[in-house]
Amino acid sequence: MAVDFRYRRLGYLTLNVTDIGKSSAFATDVFGMDAAGEGEGGARFFRTGPNHHDIMLVPAEKAAFARSSWELESEDDLDQALAHYQRIGLAPQLVPHDEAASLGLERAFRIVEPKLNTIWEYYARMSYTSVPRKNTLTKFQGGKHYGLITPDCKAVTDYMVENMGFLVSDYLEGWGAALLRAFPNPNHHSFAPLGFPAPKPMFHHLAFMVEEIDDIGKLFNRIKRFDVQIQFGIGRHPTSGSIHLYIYDPDYFVWEYTLGMEQFPETGAREPRRMSSAPENLDLWDARPDTQHAAKFPGLVTG
Ligand SMILES: [Fe+2]
């Protein structure tokens, strides 16, 4: 561990979408989130719990993953992270006060990591919403993760372990995929660099942890009524042991429900496993990902 700051969680993700109305309807009516107000430039927020938002959708010409935002444990951690990224030459930029306020954040900064050139935002305090959620479709557990497709999964992994405070929980033999946890967050993975389906930088999926199998079963039936297509599942990952269902949104962003992820203790955690990449080991329930639409996966906004 080369960093001196501590992650609390993956805070929120920002997606550029081509039809804000359609994507908003997907977020609420299919995925089960609550609309949580608007931000700058017609952006819309959605939440799955008491935090100000978990997703920000931004109207844009082209669908793309815009950035990930990470919550640290304290304001001291934020100061240490800022100093760390200054030290290693990533030139962190403070988010202007008004913009941070519109995001429900006390203060924040951004960096561009040098492997995929994606934008990472860090903050420690996000506004807490007291009004209970109204959408009762799904019980969200609160955990999240996302995955990006990269030509060099090993290089991204090594950089993140050496410079960004991540630990490897498991990886696929040949480094076709790695599952990284944001120390000391106990979730098996909060970020996954993946070498497939195409070896060029693209967005792969975003995932929300749910509370019970009913949440996944109900989504499975609900998507039929909305003519939403499945990308992968229902299945069970051999790595984290989680049950999963991945679906396409109107821009071919893939959204996942995931249930039952392995938890890692802060000290004495097991070593990463080198997982078999044989097809029969891909999914414990024999699920196979859809490959038909892989070329339509959105790209990445780079800094
Ligand atoms: Fe996932």
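Remember, predicted model here, so these are calculated numbers, not experimental data. (Residues numbered from 1 in each chain as written. Predicted model: local features only at pLDDT ≥ 70, side-chain atom pairs only at ≥ 80, totals over all residues. Heavy atoms only, no water.)

Caption draft 1: Here's a closer look at empty space enclosed by the protein. One pass over the structure, following the stated rule, counts 1 cavity of 30 Å³ or more. The computed volume of the largest cavity comes to approximately 40 Å³. Every residue lining the largest cavity is listed: Glu 113, Leu 116, Thr 118, Trp 120, Leu 148, Val 156, Met 160, Met 164 and Phe 191. In terms of residue class, the lining of the largest cavity is built from 7 nonpolar, 1 polar and 1 charged. Both domain 1 (7–123) and domain 2 (140–300) contribute no fewer than three residues apiece to the lining of the largest cavity. (1 Å grid on protein atoms, 1.4 Å probe; cavity = no way out; pocket = protein on both sides within 12 Å on 5 of 7 lines; lining within 4 Å. Points joined across faces, edges and corners; volume = space filled by probe spheres on them. Nonpolar A, V, L, I, M, F, W, Y, C, P; charged D, E, K, R; others polar. Domains from an automatic or database assignment.)

Caption draft 2: Representation of the layout of surface pockets in the model. There is about 550 Å³ of room inside the largest pocket. In terms of lining residues, the largest pocket is bounded by 28 residues, among which Leu 194, Phe 196, Phe 232, His 237 and Leu 282 are the most central. Broken down by secondary-structure element, the contributors of at least two residues to the lining of the largest pocket are strand S10 (166–172), strand S12 (191–194), strand S13 (202–210) and strand S14 (230–236). If one sorts the elements of the lining of the largest pocket by residue count, S10 sits on top with 3 residues. For the lining of the largest pocket, the class distribution of residues is 16 nonpolar, 10 polar and 2 charged. (Helix = DSSP H or I, 4+ residues; strand = E, 2+ residues; numbered from the N terminus.)

Caption draft 3: Quick peek at the coordination of the iron ion. Distances from the iron ion to its protein donors, His 145 (NE2), His 205 (NE2) and Glu 256 (OE), fall within 2.1 to 2.2 Å. If you list the donors of the iron ion from N- to C-terminus, the spacing comes out as H-x59-H-x50-E. Of this pair, His 145 sits in strand S9 (residues 140–149) while His 205 sits in strand S13, placing them 60 residues apart in sequence. Take His 145 and His 205: they sit in the same class, and that class is buried. (Donors = N, O, S within 2.8 Å, 3.2 Å for Na, K, Ca; no water. Buried < 20%, exposed > 50% of the residue type's maximum accessible area, 1.4 Å probe, protein only.)

Caption draft 4: Expanded view of the domain arrangement of the protein. Under the domain assignment, the protein is made up of domain 1 (7–123) and domain 2 (140–300). Centre-to-centre separation of domain 1 and domain 2, based on C-alpha positions: 20 Å. Taken as a group, Tyr 7, Phe 31 and Leu 116 account for 22% of the area that domain 1 buries against domain 2, more than any other trio of residues on that side. Across the domain 1-domain 2 interface, the total number found is 1 salt bridge. The salt bridge involving Lys 144 is made with Asp 54; its shortest N-O contact spans 2.7 Å. Counting every contact that joins domain 1 to domain 2 gives 12 residue pairs in polar contact (both at pLDDT 80 or more). Among the elements of the structure, strand S1 (7–17), helix H1 (20–30), strand S5 (64–72), helix H2 (75–87) and strand S8 (119–123) are those that each provide at least two residues to the side of domain 1 that touches domain 2. At 10 residues, S1 tops the list of elements feeding residues into the side of domain 1 that touches domain 2. (Buried area = accessible area lost by both parts, 1.4 Å probe. Salt bridge = Lys/Arg side-chain N within 4 Å of Asp/Glu carboxyl O. Polar contact = N/O pair within 3.5 Å; in protein donor to acceptor, adjacent residues only side chain to side chain.)

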